[in-house]
Amino acid sequence: MATPKTGELSVNETISLLLELQEINQNLDNLVEDIDKLKEEAAAEEKKYQSIKSQYDKHAPYVDKTQKEYDQLKIELEDIRKKIIELEESKKKIKTIKEFKTINKDIDLLNKKSAIRENDLLTKAEELEFKKGKIGKIQEKIKETEEIIAKKKEDLDTLIRERKDNIAKFTREKEKLVSKLPGGVVATFSRIYLNKFRSAVVAIESQVCQGCYMKTPLQVEISVKKSETIQFCPSCSRILYRADDIPARKSA
Ligand SMILES: [Zn+2]
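Participant: Looking at this model, I keep getting lost on the sheet that holds strand 4 (residues 239–241). Mind explaining?
Facilitator: Within a sheet, neighbouring strands are paired by backbone hydrogen bonds and run either parallel or antiparallel to one another. Read across the sheet, four strands follow the order 2-1-4-3 without closing on themselves; strand pairing throughout is mixed. Across the chains shown, the open sheet's two edge strands, defined by having one partner strand only, are strand 2 (208–209) and strand 3 (231–232). Where strand 1 (residues 201–205) meets strand 2, two bridges bridge the pair, whose relative direction is antiparallel. Bridge pairing in strand 2 links E205 to V208.

And the structure:
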């Protein structure tokens, strides 16, 4: 890796600024990450909601259709029953046996038809109840999901509101630090920061890199101590520093 020039700053001053930058970057990333996580959760609930809604849209017409069929059967049954009553009434006025027999035959037929319709109506009622139960459960699920989504959106709004000021503050601090550092240094730092799980600048302790915990050759520690140029861990390429050389880090 080419060693970036630190310009007017000493190596240790550069490292010190980079450590600040790293901390701010980590803070910013954490703030944004929580928001992203909630956004993802809200999106997942929204997706679930759409899927339940489409289930509802698919099933609702069948409930309507079955309800109409049920109503129709009920009307037919009432008509048949009415006809039977009418025929029974007309029996009182007839004179001949032949007429009497004909009416009785008609009544018999209507009674059979009525029995069949009654049976149909019962079956249809069961079907309707089943379908209504199913759609009822879907409606419950829709309501549940709507509540979850509303809660998630509320949490997200609160989180964004709470973090807005901090994000702005950290962003300003970050810009300030970046403006103090040479571009090449920032670019190298950013690349390592992204590639190495948000830790680009790490301490070296007794020749061991605190980023990858590999023992480095003695010469590396000597070079870090000399601090003439920025030193990188030969194993993980992170920027190395000695805590003793960076005053602010001594207590950290
Ligand atoms: Zn390392």
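The rest of the description comes next.
Participant: Before we go on, may I ask you to explain the domain arrangement of the chain in this structure?
Facilitator: For an interface, size is often stated in terms of accessible area lost upon the parts coming together. You can read the domains of the chain as domain 1 (11–29 + 182–251) and domain 2 (31–178). Taken over C-alpha atoms, the centre of domain 1 sits 63 Å from the centre of domain 2. Looking at which element gives the most residues to the side of domain 1 that touches domain 2, the answer is helix 1 (residues 11–91), with eight residues. A class-by-class count of the residues in the side of domain 1 that touches domain 2 yields five nonpolar, two polar and two charged.

Basis of the calculations
Residues numbered from 1 in each chain as written. Predicted model: local features only at pLDDT ≥ 70, side-chain atom pairs only at ≥ 80, totals over all residues. Pairing = 2+ DSSP bridges. Helix = DSSP H or I, 4+ residues; strand = E, 2+ residues; numbered from the N terminus. Domains from an automatic or database assignment. Nonpolar A, V, L, I, M, F, W, Y, C, P; charged D, E, K, R; others polar.

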